[in-house]
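# Summary of structural features
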Amino acid sequence: MQRRATASGNNAAASDIDDSQLYKEHWPDLGGSIKDSLHNGCRLTTITKKFPIITWLPKYETSYLLQDFIAGFTVGLTTIPQAIAYGVVAGLEPQYGLYSAFMGCFTYIIFGSCKDVTIATTAIMALMVHPYAIQSPDYAALICFLAGCLILLMGLLNLGVLVRFISIPVITGFTIAAATTIGSAQINNLFGMATPSNDLVPAWKHFFTHLNAIGWYDAALGVSSLIFLFLMKKTKDIPFGNRIMWKYVSLSRNALTVIIGTSLAFGLSRDGVQPFRVTGNITAGLPPFRPPPFSTNVNGTDVSFSEMIHTVGASLASIPMVAILEVVAIAKAFSKGKIVNASQEMIALGMCNIMGSFVSSMPVTGSFTRTAVNNASGVKTPLGGAVTGALVLMALAFLTKTFYFIPKCTLASIIIAAMVSLVELDKVRDTWKAKKKDLFPFVATLIPAMFWSLEYGILCGIMANISYILYSSAKPQIWLNNEKILEREVGLVDVKQKLDFASAEYLKEKVVKFVNLNVRGSRNLVVIKGQEINSIDYTVAMNLISLREDLKILNCDLICWNWNVSSAGVVCRLDNQMRDMFRFEKSLEEVVHEYLQTHSNTSSENSLYTLA
């Protein structure tokens, strides 16, 4: 219903816009949106988009086969030793690392949208699942299944946009903390000592308090392997000879390190006596294909599904979130100008975890190291993952007896070398150069993640980001300066951000304080400029009404100039007597002139204060 402005003398001003636009709230067409979503969701093109293989497989060329085979084989040589090592990091028997390394490769071929991404377990995933996997491998498989279900659901609901709310400083802090913790946990294995903990401080404390227990053969091999890995990484930059050959030599450094270490352990063993601490027996054969366990037995005690969920607790949320962050960040890094569909990557990752849980896999996600190897090897399509997966299956079937002789110090050197590459100090330097305040969420993530837990570390970082958003929302930028309009002194104050409930009281305080400090006449005008105020809520509307009453006590009038119609409508619908407070489609000079005419009985020495 159209209403009329109640203030006398303002009818002309009130007619500068159709009041029906103010008093009628326009609701979004939810029914139409839902109908369109259902219609689009059922279209064949929408369904096929969930299966990217339908797009690229018909275009596959035979010339791609060799490149995909070489890339898949090279990634496989990197994956096998890392998978064994990460199985140990998770507190599981080594073969569980291999169980986690092949199903994701096959599943991603169907659902993945980035040709370079390689899905398998990672050091971060292994560390996060470790507290539960050491109780029973069933926990790792159940977490893998539930994490996959949650990630898949989020992908189907197109919630990939949520990853935008986690800033790069938070991701950097989390990655550095995880890499430091994982690398530190291997320092004891590198020097031939049993590692008592996967946590940062206990690992280093044990190392420095047990120096007399160092295995000197292990230490010599471990340190030599670490140096060898760093040197091999640089061979790709050798300027002479066949550069392609040097590149593949560099990419195969993990496999070469394991081969050399295993050969030494086998050759130097005498009558079952080993000079090194070795991996030991690895169960041969492929894992059984069966549903993930929804109950387990720990030390002779039956544990129900609800008890397992209670034990895992908040990790059911943090593990999927970290997995999503890793795979989306990696896909973006290797997209090469293409737009990454974060929701589709979540669907692919969810399916990889769900299918992996049927072969006793721990949670998996994108691996930056193996993805970089895949890219550098010139992979053409996701089909390269089939070669990697097949190589892992062959290793499980035929090479487990050989894996017995892999020295633990060699695996430790591979993990430490991989973690060093994740410590991106250049990003910390760039953050310092660009905006030092952004180091706050970085530190808020880094410290708790290193000395408390990874889950709470990333949670603290997210909270730090939210505090930034809330602080800027609660205290919008307001600029004040003096100006003359129609020979009258005008105080201009620009509100440079939108108004919401957090900033409502702050605006009111600033206006009242400004008027108290600058009043010099007997009649004053406050004009709030609204071009940059896109929307307001009920709290802001209530504070504007309250502000008008407070200004009347200070002998001031309040006008809202050039506000968005929808924003002005919130105030007018709340109190229709506020209609005369708004002016539309007029210049500031016209508003001031109109006010002077309306209040001609006021002293000619009035000061006009404008809040813009």
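Going by the structure above, here's the rest.
## Some details on the overall build of the chain
Within the chain, the regular secondary structure consists of 30 helices and 10 strands. Relative to its full complement of 612 residues, the chain shows a buried share of 51%. For the chain, the share of sequence-separated contacts (at least 6 apart) that also reach a separation of at least 24 residues comes to 78%. Of the roughly 29,200 Å² that the chain leaves accessible, carbon and sulfur atoms contribute 62%.

## Some remarks on the layout of surface pockets
If you add up the space inside the largest pocket, you get close to 1,200 Å³. Top element by residues in the lining of the largest pocket is helix 18 (residues 315–333). It accounts for 8 residues. Here the residues of the lining of the largest pocket sort into 28 nonpolar, 11 polar and 10 charged. Space inside the second largest pocket adds up to approximately 770 Å³. Residue lining of the second largest pocket: 28 residues in total, with Pro52, Ser113, Cys114, Lys115 and Lys338 positioned closest to the centre. Grouping the amino acids of the lining of the second largest pocket by side-chain chemistry returns 10 nonpolar, 10 polar and 8 charged.

## Considerations on the environment of Pro81
Relative to the elements of secondary structure, Pro81 occurs in helix 6 (residues 64–89). With 17 residues separating them along the chain, Pro81 and Leu98 place their C-alpha atoms 8.9 Å apart. Sequence-distant contacts of Pro81, that is, excluding residues within four places in its chain, are made with Asn254, Ala255, Val258, Leu411 and Ile414.

## Digging into the side chain of Ser136
Looking at where Ser136 falls in the secondary structure, it is placed in the loop between helix 9 (123–133) and helix 10 (137–156). Reaching out from Ser136, the side chain makes a polar contact with the side chain of Thr296 at a distance of 3.2 Å. Discounting chain neighbours no more than four positions away, the residues touching Ser136 are Thr296 and Val298.

## What about the pairing of strand 7 (residues 524–529)?
With 5 of 6 residues buried, strand 7 lies mostly within the body of the structure. In the sheet, strand 7 pairs with strand 8 (residues 556–561) via 6 bridges, with the strands oriented parallel. When the bridges of strand 8 are listed, Leu525 appears paired with Asp557. Since strand 7 and strand 8 lie parallel, the crossover through helix 28 (residues 538–553) that links them has a hand, and here it is right-handed.

## Looking at helix 11 (residues 168–185)
Look at helix 11: 26 Å from first C-alpha to last across 18 residues, which is about the 26 Å you get at 1.5 Å a residue. Of all 18 residues making up helix 11, 15 are buried, and the element is well covered by its neighbours.

## Examining the packing of helix 14 (residues 216–234) against helix 23 (residues 408–422)
The contact between helix 14 and helix 23 brings their axes to 8 Å, and the two run at 40°. Comparing the axis directions of helix 14 and helix 23 gives the class oblique. Classified by chirality, the crossing of helix 23 by helix 14 is right-handed. Contacts from Asp218, Leu221, Gly222, Ser225, Leu226, Leu229, Phe230 and Lys233 of helix 14 reach helix 23 at Cys409, Thr410, Ser413, Ile414, Ile416, Ala417, Val420 and Ser421. Among the residues forming the contact of helix 14 with helix 23, the class breakdown is 9 nonpolar, 5 polar and 2 charged.

## Let's talk about the pattern of salt bridges
The full count for this structure, using the stated rule, is 6 salt bridges. Asp430 is the partner of Arg429 in a salt bridge, and the nearest nitrogen-oxygen pair spans 3.4 Å. Across the pair Arg548 and Asp580 runs a salt bridge, and its minimum N-O distance is 3.1 Å. Here Arg548, found in helix 28, pairs with Asp580, found in the loop between helix 29 (565–574) and strand 9 (582–583); they are 32 residues apart in sequence, far enough to count as distant. On the basis of relative accessibility, which here comes to 10%, the residue Arg548 falls in the buried class. Put simply, Arg583, Lys586 and Glu594 are held in one network by salt bridges that share partners.

## Some details on empty space enclosed by the protein
Summed over all chains, the structure comprises 3 cavities of 30 Å³ or more. Taken together, 17 residues form the lining of the largest cavity, with Val117, Thr118, Asn374, Pro382 and Gly385 sitting closest to its centre. Mapped onto the lining of the largest cavity, the elements with two or more residues apiece are helix 6, helix 8 (103–111) and helix 21 (384–398). The greatest single-element share of the lining of the largest cavity, amounting to 4 residues, is contributed by helix 8.

## Brief notes about the nonpolar core
Looking at soluble globular proteins, one finds that nonpolar side chains tend to be buried together. Core analysis: the largest hydrophobic core is formed by 106 residues, its most contacted members being Tyr86 and Met419. Excluding residues that lie within four positions of it along the chain, Tyr86 makes contacts with Thr121, Thr122, Ala123, Ala126, Met362, Arg370, Ile415, Ala418 and Met419. If you look at the next biggest cluster of nonpolar residues, it comprises 30 residues, including Leu507, Val511, Val512 and Val515.

Thresholds, definitions, all that
Residue positions are given per chain, counting from 1 as you read along its sequence in written order. Reporting in this predicted model follows two pLDDT cut-offs: at least 70 for local features of residues, and 80 or more for side-chain atom pairs to be given and counted; totals over whole chains, interfaces and linings ignore these cut-offs and use all residues. Only hydrogens and water are set aside; all other atoms, that is, all heavy atoms of the structure, feed into the side-chain values. Going along the chain from the N terminus, every DSSP run of H or I of four or more residues is numbered as a helix, and every run of E of two or more is numbered as a strand. Only protein chains enter the accessibility calculation, which uses a 1.4 Å probe; a residue whose area is less than 20% of its type maximum is buried, one above 50% is exposed, and one in between is partly exposed. In what follows, residue pairs with any heavy atoms lying within 4.5 Å of each other are defined as contacts. Note on areas: these come from Shrake-Rupley sampling with a 1.4 Å probe, and a residue is covered only by the protein chains present in the view. Definitions used for this entry: grid spacing 1 Å over protein atoms alone; cavity, a set of points where a 1.4 Å probe fits but cannot get out; pocket, an open set with protein on both sides within 12 Å along at least 5 of 7 lines; lining residue, one with an atom within 4 Å of a point. Grid points are joined across faces, edges and corners, and a volume is the space filled by probe spheres set on the points. Classification convention: Asp, Glu, Lys, Arg as charged; Ala, Val, Leu, Ile, Met, Phe, Trp, Tyr, Cys, Pro as nonpolar; all other residues, Gly among them, as polar. Polar contacts, as counted here, are pairs of nitrogen or oxygen atoms within 3.5 Å of one another; within protein the pair requires one atom able to donate a hydrogen and one able to accept it, and residues that are adjacent in sequence qualify only if both atoms are side-chain atoms. For two strands to pair, DSSP has to find at least two bridges joining them. With the strands aimed away from the viewer, a crossover counts as right-handed if its path from the first strand over the helix to the second runs clockwise. Under the convention used throughout, the expected extent of a helix is 1.5 Å for every residue step, that is, one less than its residue count. Only the stretch in contact is used when a helix axis is fitted, and all axes are lines through C-alpha atoms; the angle between N-to-C directions ranges over 0 to 180 degrees. Note on angle classes: values under 35 degrees are labelled roughly parallel, values over 145 roughly antiparallel, values of 65 to 115 roughly perpendicular, and the remainder oblique. Take the far helix as your reference; a near helix turned counterclockwise from it by less than a right angle gives a left-handed crossing, and one turned clockwise gives a right-handed crossing. One side-chain nitrogen of Lys or Arg within 4 Å of one carboxyl oxygen of Asp or Glu is enough to make a salt bridge. We call a set of buried residues a nonpolar core when its members are Ala, Val, Leu, Ile, Met, Phe, Trp, Tyr or Cys and they connect through side-chain atoms within 4.5 Å of each other.

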